[in-house]
Amino acid sequence: MRANQRTSDIRFIKKKQGYYIQEYNYNTEDYEKPELYWNASTNAYQKISFPSNTNVNTDLANYHLNYYYNEMFNVLPYYGYVGWTKDVITFLEQKTDLTDIEHYALGRAYSIRSGHLLNNSYEFANPKEQFNFLESGENQFTANQLKTYKDYVEKAIKNYTILCNKNPEFVTVVGNICQKLSNEYVSAYLALSIYQNEEEAAAFLPNNLYTDFIIDYAKNYLNSVEPNGILFTTGDNDTFPFLYIQASLKYRQDITIVNTSLLNQNSYVNFLRREHKAKSNLVKFTLTPQAYSNNNLEYIILDDGKDKQNNAEYLNLKQALRLINVKDTSIFYRPQKQYANLNNKKIAITFKQDTLKLNYKDNYIIKGDLLALDIIESNITTRPIYCTFNEVPIVSSYLEKTGFVSQITPNPQNPIDDRYLAGINAEKTYAILVHEFQFHEGNKNSLETRLSTLTNYTSSYQLLAKHYQEVGDTKKCENVLTSFTKFYPKHLYAEIGIFTLDMLKTAYANKDVKNGNIMLEALLQNLESIKESNQDNDDLTKVQLLKKLIFGTELSNKLDRDKLNRYLFYISNLSKIEEVNSIAESRLHHLKQYFTEKLYNLEE
């Protein structure tokens, strides 16, 4: 890749003939003809016409071979061009006795092909095959279209189900294959809700999706939201379980779930504007559907570089949105594409007597960013608004931890020093964490899914315990720590070592020796178990082998430099805690010797 290229400026393509690469041409505003750079028949690399210089940006190339793309290229026989789903389906459907990876590849192809019929949310949709739905409105499927869509989804589900029953530990980007299977059902439910109707969508959902661990997770988060709230989410593993318990279990249907990653899809935004039977209030917007229809407002320029003078005044968001609605010439600078130019990196959301002052660093935002701000501005006076984590980063300085979510509020109480939060609502968070928390062990879920959820839980307990210790409420601090040590799996303390260290210190500072000792003993046992099980073992588990194959992850059970440094950091900090007794000191000494020696041998 050439220097200064963006990740979207090049594409890799995997076809029967081999691997291709193509480059974006800003003059034609399209991609150049793909060039074959690895020939499958000769098993050799080909000389290509670019890059013409030697200043190659390998970081960008690596981006395309990691994470999502890595899985797609490693799992799918073909990928990266219009028509790849059809080619994968044709190739794999003619085979018998599919391997696990082939079942997954076939499921992915059917799933993405079903999405291609509806919109361009997945890359490489074929416009000639799309249903060309309107951007707004119910019951848009014809009978044949509905049959075709459901047929593709059900074939995806069939392959995922086979794999879930055969190899439930099969890994995907969202967790194990059974998690992926559950998400697939809810993804179809959401699509049918948007383009057809709620009855058709609800009928598609089976009972008993998701494990008790995930159901508890969804309930804990929705219980953190006040009645009639709006909750921003961003990924599959928060959005879909939340939607599922609302639709299937009729749980907390007063809450509106808004997935920020879908706000660039006009049909999804217009779906949020519709009146829903289960919702008590609509999501209000200031922008009209016409303002963002088609490709309008694809980008919103905050600073075009023409006005070098720093603008000291904040731009009132509501006024700017109203100007966009009428296509005011002071806002639009490319009317043919209707890109808005606000010419200000300082934006204010003003309501009642309060103001959210937002300071951007980037020169532009995209449509979904602006619509998220519109939702906040248009609803915050009548509905409480929350983030699951940090879905709208620009409002981080106005996020107040409330249970397991964070409420957007102009004046966060109990200020805290945190990158993603400004304060904590201690009373509400205490009620959720100590009195209302629900938990089932998640052994049926992948370790990554469990750890991700457990880490999110732990961060809330850690913040609340620290708050009560700092304000001198020893009883509530102890109650928070007791609630935590009762549910958190003892064998996973080392996985959250940073949190464990902080909570240990909080416990001992609070004179809570009992909880401090529980966490100390658990962490020591974890480290000793790691020492015993990893000394000379380099045999990969079945799950690790799958990760290496699918994601290209270099894995080893041997202790690497990062792990050793992390464990030595834990040991060093534990050794500084005065309350650690002599027995623990001796155990720490032996652990330090062992991990130090291992690190020394690695560095020689």
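Predicted model, so just to flag it, every value in this text is computed and none were measured. (Residues numbered from 1 in each chain as written. Predicted model: local features only at pLDDT ≥ 70, side-chain atom pairs only at ≥ 80, totals over all residues. Heavy atoms only, no water.)

Asks: Just to check I follow, could you spell out the overall build of the chain for this structure?
Replies: On a plain count of helices and strands, the chain comes out with 21 helices and 20 strands. Out of the 604 residues belonging to the chain, those deemed buried represent 52%. Considering only contacts within the chain whose residues lie at least 6 apart along the sequence, 66% involve residues at least 24 apart. Approximately 29200 Å² of the chain is accessible, and the part contributed by carbon and sulfur atoms is 47%. (Helix = DSSP H or I, 4+ residues; strand = E, 2+ residues; numbered from the N terminus. Buried < 20%, exposed > 50% of the residue type's maximum accessible area, 1.4 Å probe, protein only. Contact = heavy atoms within 4.5 Å. Areas by Shrake-Rupley, 256 points an atom, 1.4 Å probe, with all protein chains shown as cover.)

Asks: Would you mind going over the sheet that holds strand E17 (residues 385-387) with me for this structure?
Replies: Backbone hydrogen bonds hold the strands of a sheet together, and the pairing may be parallel or antiparallel. Reading across from one edge, E9-E8-E17-E19-E18-E20 is the order of the six strands in this open sheet, with mixed pairing throughout. Here the strands that pair on one side only, and so sit at the sheet edges, are strand E9 (256-259) and strand E20 (423-424). The pairing of strand E8 (residues 230-233) with E17 spans three bridges and is parallel. Residue Leu-231 lies in a different strand from E17, and its bridge partner there is Tyr-386. (Pairing = 2+ DSSP bridges.)

Asks: For this particular structure, what's the right way to read the pattern of salt bridges?
Replies: Pairing is possible between side chains of opposite charge, provided their charged atoms come close. The tally for this structure, following the rule as stated, stands at 13 salt bridges. With a closest N to O distance of 2.4 Å, Glu-102 and Lys-95 form a salt bridge. Take Glu-102: its relative accessible area is 16%, and that puts it in the buried class. The exposure class assigned to Lys-95 is partly exposed, which follows from its relative accessible area of 32%. With a closest N to O distance of 2.9 Å, Arg-587 and Glu-528 form a salt bridge. Within this pair, whereas Arg-587 is found in helix H21 (residues 582-603), its partner Glu-528 is found in helix H18 (residues 513-533), the two being separated by 59 residues in sequence. Residue classification places Glu-528 among the partly exposed positions, given a relative accessible area of 24%. (Salt bridge = Lys/Arg side-chain N within 4 Å of Asp/Glu carboxyl O.)

Asks: I tried to follow the environment of Asn-425 on my own but got confused; where do I start?
Replies: Here Asn-425 is to be found in the loop between E20 and helix H14 (426-436). For Asn-425, a relative accessible area of 17% gives the class buried. Sequence separation between Asn-425 and Gln-413 is twelve residues; the distance between their C-alpha atoms is 6.3 Å. In contact with Asn-425, not counting residues within four places along its chain, are Glu-400, Lys-401, Thr-402 and Gln-413.

Asks: Please explain the nonpolar core as it appears in this structure.
Replies: Generally speaking, nonpolar side chains in soluble globular proteins are found buried as a group. Formed by 178 residues in total, the largest nonpolar core has its most connected members in Trp-84, Ile-324, Ile-376, Ile-408 and Phe-595. Ranked by the residues each element gives to this core, the list is headed by helix H6 (residues 177-195), at twelve residues. (Core = buried A, V, L, I, M, F, W, Y, C linked by side-chain atoms within 4.5 Å.)

Asks: Honestly, helix H5 (residues 143-166) in this entry has me stumped. Any pointers?
Replies: Because the α-helix completes a turn every 3.6 residues, residues three or four places apart line up on one side. Between its terminal C-alpha atoms H5 stretches 34 Å, which fits the 34 Å expected from 24 residues at 1.5 Å a residue. Among the residues of H5, those classed as buried are Gln-145, Leu-146, Tyr-149, Tyr-152, Val-153, Ala-156, Ile-157, Asn-159, Tyr-160, Leu-163 and Cys-164. Along its buried surface, H5 packs onto helix H4 (100-118), H6 and helix H7 (198-204). (Expected span 1.5 Å × (residues − 1).)

Asks: Mind showing me how you'd approach the side chain of Thr-500 here?
Replies: In this structure, Thr-500 sits in helix H17 (residues 497-509). Residues in contact with Thr-500, not counting those within four places in the same chain, are Tyr-493, Met-519 and Leu-523.

Asks: What should I look at first to understand the side chain of Gln-179 in this one?
Replies: Mapped onto the elements, Gln-179 comes out in helix H6. Setting aside residues no more than four positions away along its own chain, Gln-179 makes contact with Val-174, Tyr-210, Ile-214, Asn-237 and Asn-445.

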